[in-house]
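Working through the structure, step by step
In case you want the letters, here they are:
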Amino acid sequence: MSELTDHVRSLDACELPSYIYDLKALRTHAAAVRQALPERVEMYYAAKANPEPEILAALAPYVDGYEVSSGGELAHVAEAVPGRPLAFGGPGKTPDEVADALERGVERFHVESAHELRVLAASARRVTPGRRVAVLPRVNLPAPEGSLEGSSLAMGGRPAPFGMDPVQAREVVGALTDGSCPQLHLLGVHAHLASGLEAAQQLGVAGAVVSWATSLGVPLAEVNVGGGMNVDYVGPERRFDWTAYGEGLARLAEAHPGLTLRIEPGRALTAYCGWYVTEVLDVKRSHGEEFAVVRGGTHHLRTPAAKGHDQPCTVLAVDDWPHPWPRPAAAGERITLVGQLCTPKDVLARRVPAPGLRTGDRVLFSLAGAYAWNISHHDFLMHHRPAVHFLDA
Ligand SMILES: *Cc1c(COP(=O)(O)O)cnc(C)c1O
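Residues numbered from 1 in each chain as written. Predicted model: local features only at pLDDT ≥ 70, side-chain atom pairs only at ≥ 80, totals over all residues. Heavy atoms only, no water.

1. A look at the site of the ligand
- Neighbouring residues of the ligand: 14 residues in total, closest Lys48, Gly228, Glu264, Arg267 and Tyr371.
- Within the side chain of Lys48, an N or O atom sits 2.8 Å from an oxygen atom of the ligand.
- Note that a nitrogen atom of the ligand is positioned 2.7 Å from one of the side-chain N or O atoms of Glu264.
- Relative to its unbound accessible surface of 380 Å², the ligand loses 95% to contact with the protein.
- Grouping the constituent residues of the shell around the ligand by class yields three nonpolar, six polar and five charged. (Near = heavy atom within 4 Å. Polar contact = N/O pair within 3.5 Å; in protein donor to acceptor, adjacent residues only side chain to side chain. Areas by Shrake-Rupley, 256 points an atom, 1.4 Å probe, with all protein chains shown as cover. Nonpolar A, V, L, I, M, F, W, Y, C, P; charged D, E, K, R; others polar.)

Here you go:
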């Protein structure tokens, strides 16, 4: 923390807001996650959580590959971590993206529909005639009873544009095993049912996916049980229980010798290494409530608006006050932190305890390493973009 706060203090006001990524913390965390997983579990990083090249590279020693969800991500990740295995997933792949992925030698395709399978088969005949392309149909399974409760983003087990209903997925498995697509090879099954699950719920999902996959009665080398490990924005110190998850996966792997289990977390790998740091521009009272306007806002850190939470933050007091007039400061215990946008939705954290917060104090928003900068609407109001710093790059 002190290296971070020293760095924040050293920044000039015109360098705020900034994103700071602590790559040392990221490496330590990723190593611990890897350590908690049994050997037969492979881990891909879902690049959409944060595709900064430095982050992709820092994760490289701890992951077996990367999951990409668009042609853009594919090109970007292939350049940032050349030669690493890629899995191409996501809905709505265009024929051009599929052909490009084949040309680049992508290892795995997560197929989202029967139509997509045909696009892939036709493309493979044309682009890579001599090669067999590995396919994992994505199934949208009903999740086991209770396992998606509290999940923030259920993508499966209910109507969704992701993957296929079990009946359709079975048909795609049939098409992959009846000799009608000789260029394609059924490597396994893929599922990603929800985000925001704790270890016990994740294990319930993993068990359900593996049991469905093995009930198909066809040889499978892999089952990918997805990502979605919870990050607790209300209690950031409560981390996903990777040890319990790893132990459960070890039991599952033991029960299915010969099957490789794969997970593809995003948020729970990178959320903790990122900080959005800024300063208070003004403090005001409005109809009985106090507001601090900070430099920047949800156009840089859309996470709290997108997920409907208060972004966890800490205040770094700055004692200098260069002006001859009084320094605006909070009178009460709690204050709402907003950005510079002309919309009431630009709220980073509501009624947070920050007694005495002053104009010129710095604020460090944590858990800003995933789905933060890259999901934000940067150009709204045309404020300048934050600088990006890497600690221990
Ligand atoms: C987004 C996504 C992930 C990663 O989810 P997290 O909640 O960031 O862990 C993994 N797999 C698929 C298919 C996804 O769409």
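2. What about the sheet that holds strand β9 (residues 188–190)?
- Strand order in the open sheet formed by nine strands is β8-β6-β5-β4-β3-β2-β12-β11-β9, and the pairing between neighbours is parallel. In the strand order of this sheet, the two ends are held by β8 (184–186) and β9, each with one partner. Neighbour to neighbour, the strand axes of the sheet diverge by 25° on average, direction disregarded.
- Pairing of strand β11 (residues 222–224) with strand β12 (residues 260–263) involves three bridges; the strand directions are parallel. In the sheet register, Glu222 faces β12, and the bridge partner there is Thr260. (Pairing = 2+ DSSP bridges. Helix = DSSP H or I, 4+ residues; strand = E, 2+ residues; numbered from the N terminus. Axes fitted to C-alpha atoms, helices over the stretch in contact; angles between N-to-C directions.)

3. Some points on the packing of aromatic side chains
- Within this structure, the stated rule accounts for 10 aromatic pairs.
- Centroid distance Tyr19 to Tyr21: 5.9 Å. Interplanar angle 15°. Geometry classified as stacked.
- You can call Tyr19 buried: its relative accessible area is 1%.
- Under the relative-accessibility criterion, Tyr21 is labelled buried at 1%.
- One aromatic cluster in this structure is built from Tyr19, Tyr21, Tyr276, Phe365, Trp373 and Phe390.
- One residue, Lys93, lies across the ring of Phe88, its end atom 5.6 Å from the ring centre.
- Across the ring face of Tyr44, the terminal group of Arg262 is positioned such that the distance to the ring centre comes to 4.2 Å. (Phe/Tyr/Trp six-rings, centres within 6.5 Å; stacked < 30°, edge-to-face > 60°. Buried < 20%, exposed > 50% of the residue type's maximum accessible area, 1.4 Å probe, protein only. Lys NZ or Arg CZ within 6 Å of the ring centre and 35° of its normal.)

4. Quick word on helix α4 (residues 71–80)
- Of the positions making up α4, those classed as buried are Gly71, Glu73, Leu74 and Val77. End-on view of α4: buried residues confined to an arc of 155°, all on one side of the axis. Within α4, the exposed residues directed more than 90 degrees away from the buried face are Gly72 and Glu79.
- Considering only its buried residues, α4 is in contact with α3 (53–59), β3 (65–68), β4 (86–88) and α5 (95–103).
- If you check the start of α4, you find a side-chain oxygen 3.2 Å away from the backbone N of Gly72, and it comes from Ser70. (Arc of directions from axis to C-beta. Contact = heavy atoms within 4.5 Å.)

5. A look at the side chain of Glu67
- Among the structural elements, Glu67 can be located in strand β3.
- Despite its burial, Glu67 pairs with no opposite charge; the closest candidate is Lys48, at 5.2 Å N-O.
- In this structure the side chain of Glu67 is engaged in a polar contact, spanning 3.4 Å, whose partner is the side chain of Ser69.
- Setting aside residues no more than four positions away along its own chain, Glu67 makes contact with Tyr44, Tyr45, Ala46, Ala47, Glu73, Ala87, Gly89, Gly90, His110 and Glu264. (Lys, Arg positive; Asp, Glu negative; His and termini not counted. Salt bridge = Lys/Arg side-chain N within 4 Å of Asp/Glu carboxyl O.)

6. Observations concerning unusual backbone geometry
- Between Leu16 and Pro17 the backbone carries a cis peptide bond, its omega angle lying at 0°.
- Residue position: Pro17 is located in the loop between α1 (2–10) and β1 (18–22).
- Phi is positive for Arg351, close to 50°, though the residue is something other than glycine.
- Positionally, Arg351 belongs in strand β17 (residues 347–353).
- A positive phi angle is found at Tyr371, which is not glycine, with a value near 45°.
- As for its position among the elements, Tyr371 is in the loop between β18 (362–365) and β19 (387–391).

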